[in-house]
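Topology and contacts: notes
Residues per chain are reported as follows:
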Amino acid sequence: MGGIHKDLGDATNIGGRDLETDEKMGLNVDTIMDYGPPGANPVVVFLSIICFASAQLKLGFYSTTCPKAESIIQGVVKQRFSKDRSITAALLRMHFHDCFVRGCDASILIDSTRTTSSEKDAGPNLTVRGNDLIDAAKKAVEAVCPSTVSCADIITLATRDSVALAGGPKYTLSTGRRDGLVSDANEVDLPGPSQSVSDAFATFRAKGMTMNDMVTLLGAHTVGVAHCGFFQDRLSNFQGTGKPDPTMEPALAARLLKTCGTQFRPLSSDPKVFLDQGTSFAFDNQFYNQTLFKRGIMQIDQELALDRLSAPIVSGFAKNGVAFQQSFANAMIKMSKIQVLVGKAGEIRKNCRVFNPKKKA
């Protein structure tokens, strides 16, 4: 779930869409995949953890302790979405990066200190954004229910609400997650945009996710964008051949080459393009349709339509948008339960960016 957010330089028109106009609306680069080798933990362990957590999370967890919690969070998300529709992609990326490292425990929100480097400062997370929205939601909830609602639940609920606002599925979530007590940059190990389907799936499988779950979650790229640096080699010198990637539509490769060029740039000046060239801010199934016509931007996106294990799923979602939305809701619910802390484990942070002060013995 890779993603970079930097200001766009010159105006660029890709597929009839003006990125400069969308940049003014708050467009930033957010994708699901990221760089870094996959993890290798036994799937059985994570499946048991998901089942155990499911038994302790519950719908309406805050119904008596903070009954307005979900509506408060939703209000903050609505306000942000009205000004910046790209927040959906940002929160999806944050949620994925959080859940795939130590589970959904908001460890991605912790600031580094002089002596420790947190997940936030790991390479794949340097450009994760949306922290300010989580801070705003936490502040609003704390004003009504101090030390009650976890930052982990706020990320999960805010992401759910942003997906619905973008036209995605509306689904209910169990809550009761607790915030983690560890955040270590060295533990961040996420799948990358140039990996094969099988290599990427190894990471998902280790978290108890199926191939269908992975293909479904990558459908979030329907609202994503990416810097040229993440796919530039596909445009003119794929794997050192001196030619474009043959799995990319020639006309698309030529058009993207005009935008990206062949020179690699610092991210601050690297152009960006939409991963869904048609309905860039709408949460729909068009991402899958584009890969069927060799219009996947990231290598992993196109590979989904070509690999024998994932291609039938892609084809099915391309034909049936309702099936995709239902599958996405189920996959998000499942992901939100990975390695969660419940009961008395972890803590409820007062500030999502720092661990609570240790109590004196």
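Scroll up to find the structure this text is about.
Residues numbered from 1 in each chain as written. Predicted model: local features only at pLDDT ≥ 70, side-chain atom pairs only at ≥ 80, totals over all residues. Heavy atoms only, no water.

1. Considerations on the overall build of the chain
A count of helical and extended segments in the chain gives 14 helices and four strands. Counting the 361 residues in the chain, one finds 55% classified as buried. Within the chain, contacts between residues separated by at least 24 positions form 80% of all contacts whose residues are at least 6 apart in sequence. Per element, the accessible surface of the chain, about 14,800 Å² overall, is 56% carbon and sulfur. (Helix = DSSP H or I, 4+ residues; strand = E, 2+ residues; numbered from the N terminus. Buried < 20%, exposed > 50% of the residue type's maximum accessible area, 1.4 Å probe, protein only. Contact = heavy atoms within 4.5 Å. Areas by Shrake-Rupley, 256 points an atom, 1.4 Å probe, with all protein chains shown as cover.)

2. Remarks on the packing of aromatic side chains
What the rule picks out here adds up to 12 aromatic pairs. Ring centres of Phe-283 and Phe-324 lie 5.8 Å apart, and the angle between their planes is 10°; this geometry places the pair in the stacked category. With a gap of 41 residues between them, Phe-283 in the loop between β4 (272-274) and α11 (286-292) and Phe-324 in helix α14 (residues 321-335) connect regions that are remote in the sequence. Neither Phe-283 nor Phe-324 differs from the other in exposure class; each is buried. Ring pairing ties together the aromatic residues Phe-283, Phe-287, Tyr-288, Phe-317, Phe-324 and Phe-328, which thus form one cluster. (Phe/Tyr/Trp six-rings, centres within 6.5 Å; stacked < 30°, edge-to-face > 60°.)

3. Considering the side chain of Asp-213
You can see Asp-213 is positioned in helix α8 (residues 211-218). At 2.8 Å, the side chain of Asp-213 forms a polar contact with the side chain of Lys-334. Other than its neighbours up to four places away in sequence, Asp-213 contacts Ala-331 and Lys-334. (Polar contact = N/O pair within 3.5 Å; in protein donor to acceptor, adjacent residues only side chain to side chain.)

4. Concerning the pattern of salt bridges
Applying the stated criterion across every chain, the model contains 15 salt bridges. Of the charged contacts, one joins Glu-142 and Lys-138 as a salt bridge, the two residues approaching to 3.0 Å between their closest N and O atoms. Here the residue Glu-142 and the residue Lys-138 both occupy positions in helix α5 (residues 131-144), the gap between them amounting to four residues, near one helical turn. Given the relative accessible area of 16%, Glu-142 is considered buried. (Salt bridge = Lys/Arg side-chain N within 4 Å of Asp/Glu carboxyl O.)

5. Concerning unusual backbone geometry
With a phi close to 50°, Gln-239 is a non-glycine residue in the positive phi region. Counting through the fold element by element, Gln-239 comes out in the loop between α9 (233-236) and α10 (250-260). For Lys-294, which is not a glycine, the phi torsion comes out positive at approximately 60°. Structurally, the position occupied by Lys-294 is in the loop between α11 and α12 (299-304).

6. Structural notes on helix α6 (residues 151-165)
Its 15 residues give α6 an end-to-end C-alpha distance of 21 Å, which sits within 8% of 21 Å, the value for a rise of 1.5 Å per residue. Extensive coverage of α6 is indicated by the burial of 13 of its 15 residues. Positive backbone phi, approximately 100°, marks Gly-167, located one or two places after α6. (Expected span 1.5 Å × (residues − 1).)

7. Quick word on the environment of Ala-220
Mapping Ala-220 onto the fold places it in the loop between α8 and β3 (225-227). Of the residues examined, Ala-220 reaches a relative accessible area of 4% and is grouped as buried. Here the alpha-carbon distance between Ala-220 and Asp-284, two residues 64 residues apart in the chain, equals 8.7 Å.

8. Examining the state of the cysteines
With the rule as written, the count across this model stands at four disulfides. Disulfide partner of Cys-151: Cys-352, at an S-S distance of 2.1 Å. What sets the handedness of the Cys-151 and Cys-352 disulfide is the S-S torsion sign, and at about -100° it is left-handed. One end of the pair, Cys-151, is in helix α6; the other, Cys-352, is in the segment after α14, and 201 residues separate them in sequence. By relative accessible area, Cys-151 is classed as buried at 0%. Numbered in order of appearance, the disulfide-bonded cysteines of the chain are paired 1-4, 2-3, 5-8, 6-7. (Disulfide = S-S within 2.5 Å.)

9. Section: a nonpolar patch on the surface
A cluster of nonpolar side chains, Leu-181, Val-182 and Phe-355, forms an exposed patch at the surface whose accessible area comes to about 230 Å². Counting through the fold element by element, Val-182 comes out in the loop between α6 and α7 (197-206). Overall, Val-182 belongs to the partly exposed group, its relative accessible area being 33%. (Patch = residues over 30% accessible without salt bridge, like charges linked within 9 Å, V, L, I, M, F, W, Y side chains within 5 Å.)

10. Details of helix α13 (residues 311-319)
Listed as buried for α13 are Ala-311, Ile-313, Val-314, Phe-317 and Ala-318. Angularly, the buried residues of α13 cover 160° about the axis, an arc narrow enough to put them on a single face. Set apart from the buried face of α13 by more than 90 degrees, the exposed residues are Pro-312 and Lys-319. Each element contacted by the buried residues of α13 is listed here: α8, α11, α12 and α14. (Arc of directions from axis to C-beta.)

11. Quick word on the layout of surface pockets
Taken as a whole, the largest pocket encloses approximately 250 Å³ of empty space. Along the walls of the largest pocket sit 15 residues, with Ile-110, Thr-113, Thr-116, Ser-183 and Phe-355 positioned nearest its centre. Broken down by class, the residue content of the lining of the largest pocket amounts to six nonpolar, seven polar and two charged. (1 Å grid on protein atoms, 1.4 Å probe; cavity = no way out; pocket = protein on both sides within 12 Å on 5 of 7 lines; lining within 4 Å. Points joined across faces, edges and corners; volume = space filled by probe spheres on them. Nonpolar A, V, L, I, M, F, W, Y, C, P; charged D, E, K, R; others polar.)

In short, geometric facts, not functional conclusions.
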